[in-house]
Amino acid sequence: MDVIRRQWLAAACSVGAGVVLMGCNPSAGDGDEESDKSGGKPAASEVSAPEDLMREHGVLRRALLVYQETAVKLRAAAGAVEPEALQKTAKLFRVFGEEYHEQKLEEVHIFPAVQKGGGLAAAYIGVLTAQHQRGRELTDYILSVTAGEKFSAITAETLARVMESLVRMYEHHAAIEDTIIFPAWKQTMTLEQMDALGEKFEEIEVQQFGKDGYEAAVKRIGDIEASLGLADLGQFTAPPPPETKEAKAEKNKPDAEKKPQ
Ligand SMILES: [Fe+2]
Ligand SMILES: [Fe+2]
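Since we're looking at a predicted model, the values are computed, not measured. (Residues numbered from 1 in each chain as written. Chains lettered and ligands numbered in written order. Predicted model: local features only at pLDDT ≥ 70, side-chain atom pairs only at ≥ 80, totals over all residues.)

A. Spotlight on the overall build of the chain. Scanning the chain from terminus to terminus reveals 10 helices and zero strands. Reading the chain from its N end, one meets helices and strands in the order α-α-α-α-α-α-α-α-α-α. A buried classification covers 25% of the 261 residues belonging to the chain. Contacts in the chain between residues at least 24 apart in sequence constitute 76% of all its contacts with a sequence separation of at least 6. (Helix = DSSP H or I, 4+ residues; strand = E, 2+ residues; numbered from the N terminus. Buried ≥ 20, exposed ≤ 12 C-beta atoms within 10 Å, placed from the backbone. Contact = placed C-beta atoms within 7 Å.)

Structure, rendered in C-alpha coordinates:
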(Lines give C-alpha, C1' and ligand atoms only; values in the text may rest on other atoms or scores of the structure.)
(Ligands and ions follow the chains in the order given, each with its own letter.)
Protein backbone atom coordinates (compact mmCIF):
# COMPACT_ATOMS: atom_id res chain seq x y z
CA MET A 1 0.00 0.00 0.00
CA ASP A 2 1.55 3.34 -0.96
CA VAL A 3 2.12 6.14 1.51
CA ILE A 4 -0.49 8.45 0.02
CA ARG A 5 -3.19 5.79 0.16
CA ARG A 6 -2.28 4.93 3.74
CA GLN A 7 -2.42 8.62 4.73
CA TRP A 8 -5.78 8.98 3.04
CA LEU A 9 -7.17 5.98 4.90
CA ALA A 10 -5.81 7.30 8.19
CA ALA A 11 -7.49 10.66 7.55
CA ALA A 12 -10.77 9.03 6.48
CA CYS A 13 -10.76 6.86 9.60
CA SER A 14 -10.48 9.96 11.79
CA VAL A 15 -13.51 11.68 10.18
CA GLY A 16 -16.30 12.09 12.72
CA ALA A 17 -15.84 10.56 16.15
CA GLY A 18 -17.94 7.46 16.54
CA VAL A 19 -18.42 7.00 12.81
CA VAL A 20 -17.47 3.50 11.83
CA LEU A 21 -15.93 3.37 8.40
CA MET A 22 -15.57 -0.02 6.88
CA GLY A 23 -12.03 -1.08 6.07
CA CYS A 24 -10.42 1.52 8.36
CA ASN A 25 -7.05 -0.08 8.85
CA PRO A 26 -4.36 2.13 7.35
CA SER A 27 -1.79 -0.62 7.58
CA ALA A 28 -4.02 -3.19 5.89
CA GLY A 29 -2.81 -4.26 2.49
CA ASP A 30 0.87 -4.00 3.36
CA GLY A 31 1.20 -7.38 1.73
CA ASP A 32 0.63 -5.51 -1.55
CA GLU A 33 3.77 -3.53 -0.83
CA GLU A 34 5.72 -6.73 -0.66
CA SER A 35 4.35 -7.93 -3.97
CA ASP A 36 5.08 -4.51 -5.44
CA LYS A 37 8.69 -4.79 -4.39
CA SER A 38 8.88 -8.26 -5.86
CA GLY A 39 7.82 -7.01 -9.26
CA GLY A 40 3.96 -7.12 -9.02
CA LYS A 41 1.55 -4.37 -9.96
CA PRO A 42 2.84 -0.95 -8.74
CA ALA A 43 1.00 0.22 -5.59
CA ALA A 44 0.32 3.58 -7.24
CA SER A 45 -1.90 1.87 -9.82
CA GLU A 46 -4.35 0.80 -7.08
CA VAL A 47 -6.60 3.78 -6.49
CA SER A 48 -9.69 3.43 -4.33
CA ALA A 49 -12.90 5.08 -5.52
CA PRO A 50 -12.89 7.84 -2.82
CA GLU A 51 -9.19 8.51 -3.42
CA ASP A 52 -9.94 8.79 -7.13
CA LEU A 53 -12.58 11.44 -6.48
CA MET A 54 -10.35 13.38 -4.08
CA ARG A 55 -7.38 13.49 -6.42
CA GLU A 56 -9.72 14.72 -9.15
CA HIS A 57 -10.64 17.54 -6.78
CA GLY A 58 -6.91 18.25 -6.63
CA VAL A 59 -6.81 18.89 -10.38
CA LEU A 60 -9.91 21.08 -10.15
CA ARG A 61 -8.45 23.05 -7.21
CA ARG A 62 -5.37 23.77 -9.32
CA ALA A 63 -7.69 25.12 -12.03
CA LEU A 64 -9.36 27.30 -9.38
CA LEU A 65 -5.94 28.63 -8.38
CA VAL A 66 -5.39 29.66 -12.02
CA TYR A 67 -8.72 31.53 -11.96
CA GLN A 68 -7.92 33.17 -8.63
CA GLU A 69 -4.47 34.38 -9.63
CA THR A 70 -5.58 35.50 -13.08
CA ALA A 71 -8.46 37.52 -11.63
CA VAL A 72 -5.91 39.62 -9.72
CA LYS A 73 -3.76 40.11 -12.85
CA LEU A 74 -6.80 40.99 -14.98
CA ARG A 75 -7.73 43.82 -12.62
CA ALA A 76 -4.17 45.17 -12.58
CA ALA A 77 -3.57 45.05 -16.36
CA ALA A 78 -6.27 43.47 -18.52
CA GLY A 79 -4.14 43.77 -21.68
CA ALA A 80 -1.31 41.77 -20.18
CA VAL A 81 -3.41 38.62 -19.78
CA GLU A 82 -3.66 36.27 -22.77
CA PRO A 83 -7.17 34.75 -22.91
CA GLU A 84 -5.78 31.45 -24.24
CA ALA A 85 -4.62 30.09 -20.87
CA LEU A 86 -8.05 30.79 -19.35
CA GLN A 87 -9.76 29.18 -22.34
CA LYS A 88 -7.65 26.04 -21.79
CA THR A 89 -8.42 26.07 -18.06
CA ALA A 90 -12.16 26.36 -18.69
CA LYS A 91 -12.01 23.51 -21.24
CA LEU A 92 -10.20 21.30 -18.71
CA PHE A 93 -12.76 22.21 -16.03
CA ARG A 94 -15.57 21.35 -18.47
CA VAL A 95 -14.23 18.03 -19.72
CA PHE A 96 -12.57 16.69 -16.59
CA GLY A 97 -14.63 18.40 -13.87
CA GLU A 98 -18.14 18.83 -15.22
CA GLU A 99 -18.59 16.16 -17.89
CA TYR A 100 -16.63 13.43 -16.09
CA HIS A 101 -16.19 13.95 -12.31
CA GLU A 102 -19.63 15.51 -11.77
CA GLN A 103 -21.84 13.99 -14.49
CA LYS A 104 -20.38 10.50 -14.78
CA LEU A 105 -19.33 9.83 -11.18
CA GLU A 106 -20.93 12.07 -8.54
CA GLU A 107 -24.38 12.48 -10.06
CA VAL A 108 -24.71 8.82 -11.09
CA HIS A 109 -22.90 6.89 -8.33
CA ILE A 110 -22.31 9.06 -5.27
CA PHE A 111 -25.20 11.48 -4.84
CA PRO A 112 -28.04 8.92 -5.28
CA ALA A 113 -26.42 6.54 -2.72
CA VAL A 114 -25.87 9.36 -0.20
CA GLN A 115 -29.41 10.65 -0.74
CA LYS A 116 -30.78 7.18 -0.05
CA GLY A 117 -28.66 6.94 3.12
CA GLY A 118 -30.42 10.00 4.59
CA GLY A 119 -29.14 12.15 7.45
CA LEU A 120 -26.93 15.24 7.36
CA ALA A 121 -25.06 14.26 4.20
CA ALA A 122 -28.30 13.69 2.24
CA ALA A 123 -29.44 17.22 3.06
CA TYR A 124 -26.51 18.61 1.03
CA ILE A 125 -27.34 16.82 -2.23
CA GLY A 126 -29.85 19.40 -3.52
CA VAL A 127 -27.49 22.33 -3.14
CA LEU A 128 -24.48 20.40 -4.46
CA THR A 129 -26.44 19.48 -7.59
CA ALA A 130 -27.58 23.10 -8.04
CA GLN A 131 -23.93 24.20 -7.71
CA HIS A 132 -22.89 21.78 -10.46
CA GLN A 133 -25.44 23.46 -12.70
CA ARG A 134 -24.34 27.00 -11.75
CA GLY A 135 -20.72 25.99 -12.34
CA ARG A 136 -21.61 24.92 -15.89
CA GLU A 137 -23.22 28.31 -16.56
CA LEU A 138 -20.11 30.10 -15.26
CA THR A 139 -17.84 27.88 -17.38
CA ASP A 140 -20.00 28.67 -20.45
CA TYR A 141 -19.40 32.36 -19.75
CA ILE A 142 -15.64 31.95 -19.28
CA LEU A 143 -15.39 29.89 -22.49
CA SER A 144 -17.34 32.54 -24.38
CA VAL A 145 -15.37 35.62 -23.26
CA THR A 146 -11.96 33.97 -23.59
CA ALA A 147 -12.51 32.96 -27.23
CA GLY A 148 -11.12 36.30 -28.54
CA GLU A 149 -7.58 37.72 -28.67
CA LYS A 150 -7.62 40.33 -25.86
CA PHE A 151 -9.87 41.54 -23.04
CA SER A 152 -11.41 44.99 -22.76
CA ALA A 153 -11.25 46.57 -19.28
CA ILE A 154 -15.01 46.04 -18.86
CA THR A 155 -14.89 42.37 -19.80
CA ALA A 156 -11.84 41.89 -17.59
CA GLU A 157 -13.60 43.20 -14.48
CA THR A 158 -16.73 41.09 -15.08
CA LEU A 159 -14.66 38.01 -15.88
CA ALA A 160 -12.57 38.51 -12.73
CA ARG A 161 -15.79 38.60 -10.66
CA VAL A 162 -17.19 35.50 -12.37
CA MET A 163 -13.98 33.55 -11.79
CA GLU A 164 -13.81 34.60 -8.14
CA SER A 165 -17.42 33.56 -7.58
CA LEU A 166 -16.70 30.16 -9.15
CA VAL A 167 -13.62 29.74 -6.94
CA ARG A 168 -15.59 30.65 -3.79
CA MET A 169 -18.42 28.26 -4.61
CA TYR A 170 -16.28 25.35 -5.73
CA GLU A 171 -13.75 25.50 -2.87
CA HIS A 172 -16.62 25.11 -0.39
CA HIS A 173 -18.34 22.55 -2.58
CA ALA A 174 -15.27 20.28 -2.85
CA ALA A 175 -14.48 20.67 0.86
CA ILE A 176 -17.99 19.49 1.82
CA GLU A 177 -17.71 16.57 -0.59
CA ASP A 178 -14.29 15.57 0.79
CA THR A 179 -15.29 15.78 4.45
CA ILE A 180 -18.99 14.86 4.52
CA ILE A 181 -20.26 13.37 1.25
CA PHE A 182 -17.47 10.94 0.36
CA PRO A 183 -17.14 9.56 3.94
CA ALA A 184 -20.95 9.12 4.07
CA TRP A 185 -20.89 7.40 0.69
CA LYS A 186 -18.16 5.05 1.90
CA GLN A 187 -20.41 3.99 4.75
CA THR A 188 -23.06 2.82 2.29
CA MET A 189 -20.71 0.17 0.86
CA THR A 190 -18.91 -2.98 1.83
CA LEU A 191 -15.20 -3.22 0.99
CA GLU A 192 -16.04 -5.54 -1.92
CA GLN A 193 -18.55 -3.05 -3.32
CA MET A 194 -16.02 -0.23 -2.99
CA ASP A 195 -13.37 -2.25 -4.80
CA ALA A 196 -15.83 -3.05 -7.58
CA LEU A 197 -16.74 0.62 -7.90
CA GLY A 198 -13.06 1.60 -7.97
CA GLU A 199 -12.71 -0.64 -11.02
CA LYS A 200 -15.91 0.71 -12.54
CA PHE A 201 -14.62 4.29 -12.13
CA GLU A 202 -11.43 3.31 -13.93
CA GLU A 203 -13.50 1.84 -16.77
CA ILE A 204 -15.51 5.06 -17.02
CA GLU A 205 -12.28 7.08 -17.06
CA VAL A 206 -10.88 4.95 -19.90
CA GLN A 207 -14.17 5.22 -21.85
CA GLN A 208 -14.12 8.99 -21.44
CA PHE A 209 -10.45 9.79 -22.00
CA GLY A 210 -8.54 6.71 -23.12
CA LYS A 211 -5.82 5.21 -20.94
CA ASP A 212 -4.47 8.13 -18.94
CA GLY A 213 -7.34 10.51 -18.14
CA TYR A 214 -6.14 11.65 -14.72
CA GLU A 215 -2.46 11.77 -15.66
CA ALA A 216 -3.27 13.76 -18.82
CA ALA A 217 -5.38 16.20 -16.78
CA VAL A 218 -2.51 16.70 -14.30
CA LYS A 219 -0.17 17.35 -17.24
CA ARG A 220 -2.61 19.83 -18.80
CA ILE A 221 -3.05 21.87 -15.63
CA GLY A 222 0.73 21.78 -15.06
CA ASP A 223 1.30 23.20 -18.56
CA ILE A 224 -1.28 25.95 -17.97
CA GLU A 225 0.36 26.89 -14.65
CA ALA A 226 3.77 27.01 -16.32
CA SER A 227 2.48 29.25 -19.12
CA LEU A 228 1.17 31.73 -16.50
CA GLY A 229 4.24 31.68 -14.24
CA LEU A 230 2.33 29.80 -11.52
CA ALA A 231 4.35 26.59 -11.52
CA ASP A 232 6.75 27.55 -8.71
CA LEU A 233 4.99 26.51 -5.50
CA GLY A 234 7.44 28.55 -3.41
CA GLN A 235 5.89 31.82 -4.63
CA PHE A 236 2.77 30.97 -2.62
CA THR A 237 4.60 30.57 0.70
CA ALA A 238 3.03 33.12 3.03
CA PRO A 239 5.20 36.00 4.27
CA PRO A 240 6.13 35.93 7.96
CA PRO A 241 3.51 37.50 10.28
CA PRO A 242 3.93 41.06 11.60
CA GLU A 243 5.90 41.30 14.84
CA THR A 244 3.75 41.11 17.96
CA LYS A 245 4.19 43.44 20.99
CA GLU A 246 5.61 40.53 22.98
CA ALA A 247 8.17 39.62 20.30
CA LYS A 248 9.27 43.26 20.01
CA ALA A 249 9.69 43.61 23.81
CA GLU A 250 11.67 40.34 23.93
CA LYS A 251 13.97 41.59 21.15
CA ASN A 252 14.67 44.85 23.00
CA LYS A 253 15.59 43.15 26.32
CA PRO A 254 19.25 43.05 27.37
CA ASP A 255 20.78 39.69 26.34
CA ALA A 256 21.00 38.43 29.95
CA GLU A 257 17.19 38.74 30.36
CA LYS A 258 16.24 37.06 27.08
CA LYS A 259 14.45 33.69 27.20
CA PRO A 260 16.69 30.81 26.23
CA GLN A 261 15.93 29.73 22.60
FE1 LIG B 1 -19.62 17.99 -6.88
FE1 LIG C 1 -16.61 16.73 -6.58
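More follows now that the structure is in view.
B. Region of the structure containing the environment of H173. Tracing the backbone through its elements, the reader meets H173 in helix α7 (residues 153-187). Distance from H173 to Q131, taken between C-alpha atoms, is 7.8 Å for residues 42 residues apart in sequence. Excluding anything up to four places from it in sequence, H173 contacts L128 and Q131.

C. Molecular detail of the environment of T188. Inspection of the secondary structure puts T188 in the loop between α7 and α8 (191-209). The exposure class of T188 is partly exposed, given the 15 C-beta atoms found within 10 Å. Put simply, T188 and V114 are 74 residues apart on the chain and 7.5 Å apart in space, counted from C-alpha to C-alpha. What T188 contacts, discounting residues up to four positions off in sequence, is A113 and G117.

D. The packing of helix α6 (residues 125-145) against α7, seen in detail. Look at α6 against α7: their axes get within 10 Å of each other, and the N-to-C directions meet at 155 degrees. With respect to their mutual orientation, α6 and α7 come out roughly antiparallel. Helix-helix and strand crossings are classified by hand; for α6 and α7 the assignment is left-handed. Of α7, the residues touching α6 (which contributes L128, Q131, R134, G135, L138, Y141, I142 and V145) are T155, L159, V162, M163, S165, L166, M169, Y170 and H173. (Axes fitted to C-alpha atoms, helices over the stretch in contact; angles between N-to-C directions. Parallel < 35°, antiparallel > 145°, perpendicular 65-115°, else oblique. Left-handed = near helix turned anticlockwise from the far one by under 90°.)

E. Up close: the environment of V66. Looking at where V66 falls in the secondary structure, it is placed in helix α3 (residues 49-76). Judged by the 24 C-beta atoms lying within 10 Å of it, V66 is buried. Residues V66 and I224, spaced 158 residues apart in sequence, show a C-alpha to C-alpha distance of 8.1 Å. Ignoring any residue separated from it by four or fewer positions in sequence, one finds V66 in contact with T89, I224, E225, L228 and L230.

F. Quick look at the nonpolar core. Counting residues in each nonpolar core, the largest one holds 27 residues, and the members touching the most others are A63, Y67, L74, L159 and M163. When contributions to this core are tallied by element, the ones reaching two or more residues are α3, α4 (83-117), α7 and α9 (213-227). Not counting residues within four places of it along the chain, the set of residues in contact with L159 comprises L74, I142, V145 and F151. Counting residues in each nonpolar core, the second largest holds 15 residues, with L105, F111, A113 and V114 among its members. (Core = buried A, V, L, I, M, F, W, Y, C linked by C-beta atoms within 7 Å.)

G. Structural detail: α7. End to end, α7 covers 50 Å across 35 residues, agreeing with the expected 51 Å (1.5 Å per residue, within 8%). At E177, α7 shows its maximal kink, close to 45 degrees. (Expected span 1.5 Å × (residues − 1). Bend = angle between axes of the 7 residues up to and from the residue.)

H. Representation of α6 in the model. Between the first and last C-alpha of α6 there are 31 Å, a value that for 21 residues agrees with the 30 Å anticipated at 1.5 Å per step. Within the sequence span of α6, burial applies to L128, G135 and I142. Angular distribution of buried residues about the axis of α6 spans 30 degrees; they occupy a single face of the element. Relative to its buried face, α6 has exposed residues pointing more than 90 degrees away, namely G126, A130, Q133, E137, D140 and S144. Against α4 and α7 lie the buried residues of α6. (Arc of directions from axis to C-beta.)

I. The arrangement of the packing of α3 against α9 in detail. Where α3 contacts α9, the axes come no closer than 10 Å and their chain directions differ by 15 degrees. One finds that α3 runs roughly parallel with respect to α9. You can see that α3 and α9 cross each other, and the crossing is left-handed. Facing α3, whose interface residues are R55, E56, V59, R62, A63 and V66, α9 presents Y214, A217, V218, I221, I224 and E225. Among the residues forming the contact of α3 with α9, the class breakdown is eight nonpolar, no polar and four charged. (Nonpolar A, V, L, I, M, F, W, Y, C, P; charged D, E, K, R; others polar.)

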